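Residue strings, one per chain:
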Amino acid sequence: MAVQPMTLLPPDLDPRRLPAHVAVIMDGNGRWAKERGKPRFFGHRQGVEAINDLVRCCKDWGVPILTVFAFSTENWGRPAEEVNFLMGLFHEVLQRELRAMVEEGVCLRFMGDFAPLPKALRDFIEESVQATAHNRAILFNVAMNYGGRREILQATQALARQVEQGALRVEQITEETFAHELYTGLLPDPDLLIRSSGESRLSNFLLWQSAYSELYVSQVFWPDFDRACFYQALKHYQSRNRRFGKLDSSPT
Ligand code: FPP
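The following paragraphs examine the structure supplied in this document. Quantities reported herein were computed from a predicted structural model and do not represent experimental measurements. (Residues numbered from 1 in each chain as written. Predicted model: local features only at pLDDT ≥ 70, side-chain atom pairs only at ≥ 80, totals over all residues. Heavy atoms only, no water.)

1. Focus: the sheet that holds strand β2 (residues 65-72)
Taken in spatial order, the six strands line up as β3-β4-β2-β1-β5-β6 in an open sheet, and their pairing is parallel. For this open sheet the edge positions go to β3 (106-111) and β6 (214-217), each flanked by a neighbour on one side alone. Averaged over all adjacent pairs, the angle separating strand axes in this sheet is 20 degrees, with direction ignored. (Pairing = 2+ DSSP bridges. Helix = DSSP H or I, 4+ residues; strand = E, 2+ residues; numbered from the N terminus. Axes fitted to C-alpha atoms, helices over the stretch in contact; angles between N-to-C directions.)

So, in structure tokens, the structure goes:
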């Protein structure tokens, strides 16, 4: 029997219990390339193809928000050659994909500290956010020079400043007001957080927002993460009983 391309939501997944927000730590590009005797860059290029298809898959299957970890505040510690390559790759991919994203209804957003990014990339980030701002088919949120601790510190400083200026009372600092100061703002927290390549660490990603996320570790290196892998992650998610610290409310 011919293998069916997974363009539609697989019938054994419940469309009413899909995660509203999926976050992904794309790990293993370098090891994927090494296994093939190729330079790390080769793995990053292939990783772009995997993310391109995952965005379309989320749209096809009805997952409305996808957040991916493209570059961390710690990634500057890699050799300059690799950092420069990644910056160029982000710019190149955005330029190449922008028209398709506009046409396919992808709303593109970025989060992180953009100040250290090359100016041409910062400008293109702004342009692509504006060009896709009204799209509603899927929200694709890219963490770029993102660090969870830095994000929490910046939110704390912003609130402290408001208190200092008399615009806010200390008692008004709640989980909600705090969350609004994070890069994710009003976005719902991720329901499902996927990490590829078998590592089970958060690596400073969405530290506040992932408090109740279901974690799913895929054994494959990121460039091999395809729709079948995403299906496995969603199967796992739908098999979980999310209690948010309370007792099981499902009928016995
Ligand atoms: C982790 O693999 C991957 C990265 C640090 C870069 C991820 C970026 C992409 C896949 C491109 C995405 C592009 C856009 C525009 C969203 P690694 O290098 O840490 O692999 P290793 O752990 O095997 O060394």
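2. Overview of the pattern of salt bridges
All chains considered together, the criterion is met by 22 salt bridges. With a closest N to O distance of 3.2 Å, Asp-27 and Arg-31 form a salt bridge. Between Arg-40 and Glu-82 there is a salt bridge, with the nearest N and O atoms lying 2.8 Å from each other. Residue Arg-40 is located in helix α2 (residues 40-61), and its partner Glu-82 is located in helix α3 (residues 80-104); the two are separated by 42 residues in the primary sequence. (Salt bridge = Lys/Arg side-chain N within 4 Å of Asp/Glu carboxyl O.)

3. So, the site of the ligand
As a structural note, the neighbourhood of the ligand is formed by 14 residues, with Met-26, Asp-27, Arg-31, Arg-40 and Arg-78 the closest of them. Residue Asn-29 places a main-chain N or O atom 3.1 Å away from an oxygen atom belonging to the ligand. At a separation of 3.0 Å, an oxygen atom of the ligand approaches a polar backbone atom of Gly-30. Compared with its free state, where it exposes 630 Å², the ligand has 91% of that area covered by protein. Sorting the residues of the shell around the ligand by element identifies α1 (29-35) and α2 as the ones contributing at least two each. Looking at the shell around the ligand element by element, the count peaks at four residues for α2. Tallied by class, the residues present in the shell around the ligand amount to four nonpolar, six polar and four charged. (Near = heavy atom within 4 Å. Polar contact = N/O pair within 3.5 Å; in protein donor to acceptor, adjacent residues only side chain to side chain. Areas by Shrake-Rupley, 256 points an atom, 1.4 Å probe, with all protein chains shown as cover. Nonpolar A, V, L, I, M, F, W, Y, C, P; charged D, E, K, R; others polar.)

4. Description of the pairing of strand β5 (residues 192-195)
Looking along a regular strand, one sees side chains alternate from face to face of the sheet. By the alternation rule, side chains of β5 split into Leu-192 and Ile-194 and Leu-193 and Arg-195, which are all buried. Of the strand pairs in this sheet, strand β1 (residues 21-25) and β5 are connected by four bridges, and their pairing is parallel. Each bridged residue has a counterpart across the sheet, and for Ile-25 the counterpart in β5 is Arg-195. Direction of pairing for β5 relative to β6: parallel, over a ladder of four bridges. Looking across to β6, one finds that Leu-192 is bridged to Glu-214. (Buried < 20%, exposed > 50% of the residue type's maximum accessible area, 1.4 Å probe, protein only.)

5. A look at the nonpolar core
By size, the foremost hydrophobic cluster in this structure holds 51 residues, and its most contacted members are Val-24, Leu-54, Leu-66, Phe-140, Ile-194 and Phe-230. Broken down by element, the residue count for this core peaks at ten residues, all from α3. (Core = buried A, V, L, I, M, F, W, Y, C linked by side-chain atoms within 4.5 Å.)

6. A few points about the environment of Arg-150
Positionally, Arg-150 belongs in helix α5 (residues 148-164). Taking the C-alpha atoms as reference, Arg-150 lies 36 Å from Gly-37; in sequence the two are 113 residues apart. If we ignore the near neighbours within four places in the chain, the residues touching Arg-150 are Thr-73, Asp-113 and Asn-145. Within the structure, Arg-150 has its side chain in polar contact with the side chain of Asp-113 (distance 3.1 Å). (Contact = heavy atoms within 4.5 Å.)

7. With respect to unusual backbone geometry
One non-glycine residue, Asn-204, lies in positive phi territory at about 70 degrees. Note on placement: Asn-204 falls in the loop between β5 and β6. Located in the positive-phi region is Leu-206, a residue other than glycine, with phi close to 45 degrees. Within the element layout of this structure, Leu-206 appears in the loop between β5 and β6. A residue is classified by how much of its surface remains accessible, and Leu-206, at 0% relative accessible area, is buried.

Interpretation note: all reported values are geometric properties and have no functional meaning in isolation.
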